[in-house]
Amino acid sequence: MPHDAAIAALQALLGPRLSVTRAERDLHGASEAWYPPTPPDAVAWPETTAEVAQIVRICAAHGMPIVPWGAGTSLEGHALAVQGGLCLDMGRMNRVLEIRPEDMLAVVQPGLTREALNEELRATGLFFPVDPGANASLGGMAATRASGTTTVRYGSMRANVAALEVVLADGRIIRTGSAAAKSAAGYDLTALMLGSEGTLGIITELTLRLHGQPEAISAAVCAFDTLEAAVQTVMATIQLGIPMARIEFVDETMARVFNAHAGTSLPETPHLLVEFHGSPAGVAEQAERFGEVVAEMGGAHFDWATTPEARARLWKMRHGAYTACLAARPGSMGLVTDICVPMSRLAEAVRETRDDIAAEGLIGPILGHVGDGNFHAVLLLDRGSDSDLARAKRLAGRMAERALRMGGTVTGEHGVGLGKRALMAAEHGPAWAVMGAIKAALDPANILNPGKLVPGPDLRPDLAPDLAPTRPETLA
């Protein structure tokens, strides 16, 4: 083993909570994306912040890379050990440490999932709103600055994390932020850690902002003849100040996939899925006003889900979109794209992407969080087909170029990891080197999740997809 001395020291510290078995290493070397397996040399399960600090100090002394692991739901290879080393599985640090209803805050460990937190909060009248679809760990959600279906109303992790406890690359434990509603005290280190993807520090505790559970909720699905009409409906709803809690778009291909997988009977046209939160009177008014906008834009087949069971079925269908897409082409794997553009360019971006998918001869249902201009194409590829993978990468590169040309970003919520690192220079220019300088200052030995996010050598060519925009001069 390349890290025998470090592994021996970790075994002395952790005992059976350090594993070098092939089964555990393989489990932690896989992802939900297209990347080939990259097993670490060992897997550790810490239980306290002090243990994480000791583990980091051992790894730092022996030059052993450390890759944090949450629930393993990332789509850009964030948690793959591309340089070997230690996979730090945070699954046992999964407790709610404190709930402070009067401050609308909860203090949690990073391995706790968002569903488990909301189950714990149920009796308090509060909830944590960030919903990326998967039952992700809260530490992983913070590390990738996650968002999702409710971002249009409640914001992303950036808006919902008040403070962090973080172990740095030398084993120091720091706290960032506070329980106060605001602060002007120095650099915002909490914001720096959010989205750092484990490259600057290991999150060991989070203080999260909570929200009141809405008194009333109403959800609906409606169909449109064209994607332009659906997007125009979203824009008009936002401009009228109608407060949506969720508003999601699916194209005609995705509607067809839902019908086949979930047994629904949606017209095979573009759809919006929407939800409103508030008082009974407020929700009724919002729903009525939204219905008027839909009618003006030519929407039809309006189906309201007013009971908790009906709403659960609606959002279970939406959250199961990736699984439904894979089922639509048995034996396939998915390459999921993730761009975000200004609302004014959304219909154009979706239309051009749909044309690209057709030109490449791929199957790629489109869906997204249209309330904030973020959408995904789920490109379905034959496993082992180099041709399919090459076409999908080419298409993803064109989507990235399009997003930047329209003033958007190459990733609205999935993060950078391995998959988007080749695009960072095109989006950030000289600012990407500044990110590299921050990384070098906090982790000079480059032991924290190496090969991700920031500039550096490509450690494995098969994990470095050529997604760079084909015409970078158009992005200036």
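Residues numbered from 1 in each chain as written. Predicted model: local features only at pLDDT ≥ 70, side-chain atom pairs only at ≥ 80, totals over all residues. Heavy atoms only, no water.

Asks: Explain the side chain of Glu-76 to me, using residue names and the numbers behind them.
Replies: Structurally, the position occupied by Glu-76 is in the loop between β3 (66–69) and β4 (86–89). We classify Glu-76 as buried; its relative accessible area is 4%. Side-chain polar atoms of Glu-76 contact the side chain of Tyr-35, separated by 3.4 Å. Glu-76 has contacts with Tyr-35, Val-336, His-414, Gly-415, Val-416, Gly-417, Leu-418, Gly-419 and Lys-420, leaving out every residue within four places of it along the chain. (Helix = DSSP H or I, 4+ residues; strand = E, 2+ residues; numbered from the N terminus. Buried < 20%, exposed > 50% of the residue type's maximum accessible area, 1.4 Å probe, protein only. Polar contact = N/O pair within 3.5 Å; in protein donor to acceptor, adjacent residues only side chain to side chain. Contact = heavy atoms within 4.5 Å.)

Asks: Go over the sheet that holds β4 with me, naming the residues and quoting the values.
Replies: Paired through their backbone hydrogen bonds, the strands of a sheet run either parallel or antiparallel. The sheet built from four strands is open, its strands ordered β1-β2-β4-β3 with mixed pairing. Of all the strands in the sheet, just β1 (18–19) and β3 have a single pairing partner and so form its edges. Where β1 lies against strand β2 (residues 42–44), two bridges are found, and the strand directions are antiparallel. Across the sheet, the residue bridging to Ser-19 is Val-43, located in β2. Against the sheet, helix α3 (residues 49–62) makes contact with β3 and β4, and its axis sits at roughly 175° relative to β4, the strand it touches most. (Pairing = 2+ DSSP bridges. Axes fitted to C-alpha atoms, helices over the stretch in contact; angles between N-to-C directions.)

Asks: Any chance you could break down the pattern of salt bridges for me, citing the residues and the numbers?
Replies: Applying the stated criterion across every chain yields a total of 29 salt bridges. Put simply, Asp-131 and Arg-114 hold a salt bridge, and the shortest N to O gap is 2.9 Å. Residue Asp-131 is found in the loop between β7 (126–127) and α5 (138–143), and its partner Arg-114 is found in helix α4 (residues 114–121); the two are separated by 17 residues along the sequence. Residue Arg-391 is joined to Asp-388 by a salt bridge in which the shortest nitrogen-to-oxygen separation is 2.3 Å. (Salt bridge = Lys/Arg side-chain N within 4 Å of Asp/Glu carboxyl O.)

Asks: Provide a residue-level description of the state of the cysteines, including the pertinent values.
Replies: Counted under the stated rule, the structure contains zero disulfides. The thiol of Cys-87 is not disulfide-bonded; the next cysteine sulfur, from Cys-59, is found 11 Å away. Summary of cysteine pairing: Cys-325 is not part of a disulfide, and the nearest cysteine sulfur, belonging to Cys-340, is at 20 Å. (Disulfide = S-S within 2.5 Å.)

In short, shape yes, function no, at least from these values alone.
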